[in-house]
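Working through the structure, step by step
Residue strings, one per chain:
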Amino acid sequence: MTQGMPKHGTAFSVLKTEMIERGRGDVQWRDGKTAVYVFNAGEDVTEVQKQGYLLYLSENGLGPAAFPSLKKMEAEVVGMGLSLLQAPEGAVGHMTSGGTDSITMAVKAARDYARAQGQPEPFNLVLPYSAHPAFDKAAALMSIEIRRVATRPDYLADVGAMADQIDDSTLMMVGSAPSFPYGLIDPIADLSDLATARNVWLHVDACVGGYIAPFVEMNGVDLPPWDFRVPGVCSLSADLHKYGYCAKGASTIFYRSEALRDHMIFDQKDWPAGRMVTPTLAGTRPGGAISSAWAVMHYLGIEGYCQKQQSVTRARARIEMGVAELGFEVLGAPKLGIMAFSHPELDIFALYKRLFERGWVTSLCTQPKALHLMLSPFHETVVGQYLTDLTWAVEQVRGGITDAVTEVRYS
Ligand SMILES: *Cc1c(COP(=O)(O)O)cnc(C)c1O
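For clarity, every value in this text was computed on a predicted model and none was experimentally measured.

This part takes up the packing of aromatic side chains. Two numbers describe a pair of aromatic rings. These are the distance of the centres and the angle of the planes. Applying the stated rule across the entire model yields twelve aromatic pairs. Summarising the aromatic geometry, the rings of Phe215 and Tyr305 are spaced 4.9 Å apart at their centres and angled 15 degrees between planes, so their arrangement reads as stacked. Remark: Tyr305 occurs in helix H10 (residues 287-325) and Phe215 occurs in helix H8 (residues 213-218); sequence separation between them is 90 residues. What makes Tyr305 buried here is its relative accessible area of 4%. Look at Tyr243 and Tyr245: their rings are 6.2 Å apart centre to centre, the planes differ by 80 degrees, and that puts the pair in the edge-to-face class. Tyr245 matches Tyr243 in its accessibility class, with the two residues each being buried. Counting every residue linked through ring pairs, the aromatic cluster contains Phe39, Phe215, Tyr243, Tyr245 and Tyr305. Across from the ring centre of Trp392, 3.7 Å away, lies the NZ or CZ of Arg358, which sits over that ring. Above the ring of Phe349, the side-chain terminus of Lys369 is found at 4.4 Å from the ring centroid.

Looking now at the domain arrangement of the protein chain. Taken domain by domain, the protein chain consists of domain 1 (51-296) and domain 2 (302-398). Domain 1 and domain 2 are separated by 28 Å when their C-alpha centres are compared. On the domain 2 side, the residues contacting the 26 residues of domain 1 number 25 residues. A buried area of about 2,100 Å², summed over both sides, lies between domain 1 and domain 2, and 69% of it is on carbon and sulfur atoms. Across the domain 1-domain 2 interface, the total number found is zero salt bridges. Summed over the shared surface of domain 1 and domain 2, the result is ten residue pairs in polar contact (both at pLDDT 80 or more). Considering each element in turn, the side of domain 1 that touches domain 2 owes the most residues, four residues, to H8.

The rules behind these values
- Residues numbered from 1 in each chain as written.
- Predicted model: local features only at pLDDT ≥ 70, side-chain atom pairs only at ≥ 80, totals over all residues.
- Heavy atoms only, no water.
- Phe/Tyr/Trp six-rings, centres within 6.5 Å; stacked < 30°, edge-to-face > 60°.
- Helix = DSSP H or I, 4+ residues; strand = E, 2+ residues; numbered from the N terminus.
- Buried < 20%, exposed > 50% of the residue type's maximum accessible area, 1.4 Å probe, protein only.
- Lys NZ or Arg CZ within 6 Å of the ring centre and 35° of its normal.
- Domains from an automatic or database assignment.
- Contact = heavy atoms within 4.5 Å.
- Buried area = accessible area lost by both parts, 1.4 Å probe.
- Salt bridge = Lys/Arg side-chain N within 4 Å of Asp/Glu carboxyl O.
- Polar contact = N/O pair within 3.5 Å; in protein donor to acceptor, adjacent residues only side chain to side chain.

Take a look at the structure:
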């Protein structure tokens, strides 16, 4: 039976104790035991997130005229994003509540652009099989057909096969930088050539890469071109609440030009309370998500991010070596914070279950079966522990303890 609301109020001190108690059954993410859902850049960053959020906890980004503070902070966050993503003069962006919001708005903009161009409906969207389900959600909301195209044997977008799926009603093509399942950057330059030749909107989903890849490049790693330097890129999503280490509820969506962006904005005045112009999906927008992002980005600065992202890539490189010694094969050549690795003999889903028993909550790939890690700076301190537990898991599974997870769920 569900419990109704208590008749009497309770002192917050009592509630707080209970709330902390309730978290004890959760994954021990503060100990680095999860490599999904949470990004841990250290206690100091968490403190900046919190304090930065609290200062504008009650303010509302819906009312920029009332809160010019938030308007300015959002503009500065967007400005930092544009410069990190090498956007050309005239490019614009907005903060949204998350990657799904950013992607939905990009699809909406592309949809309205396609309509303005007179493209015949019903529309379709062509994307690699590895692209995020947020595109399917957006497409479902707008009755757009989704055309997922199998990736190449190296797990990257198959540009030739995508070309075969494009027709007069294609309103968008997608490439990921990187894809969530494999952590690999799709051939954005080739997708751009195709998009330009066929006159199709290209969206780069850099939700999980947009705020790590620029710093990895600054740290001296060569990446394939993936951002606004690639001329066919019309829009790009990048999540602040992932490798930007900002409080949750913060992402960015960027457009090459104001003309493209204008198709995103919703403007409605036919109701009894005045004209309402909302750039993104949300009405009320938490001021704290904006102020917290502003605070974290200024707290870390380019140098801080370069250091944090170096910790991530160091952790990834050490894990790559460790898992290779255990006979695993890393999928492709990941260069950012996500990696996946398969095993030629051992049941990955059984290994996952052993690791889970040791408190690790990470992810799984299904095609091929692979263990999946989305690493944070903090993981650098627990690489040894992870590899020890993985070695133990391998021994257990080799020893015949092979009961396995039966369903792979990302959420
Ligand atoms: C996380 C992610 C998204 C969706 O972002 P949310 O903030 O979870 O809505 C989209 N694309 C990729 C590649 C992602 O990793």
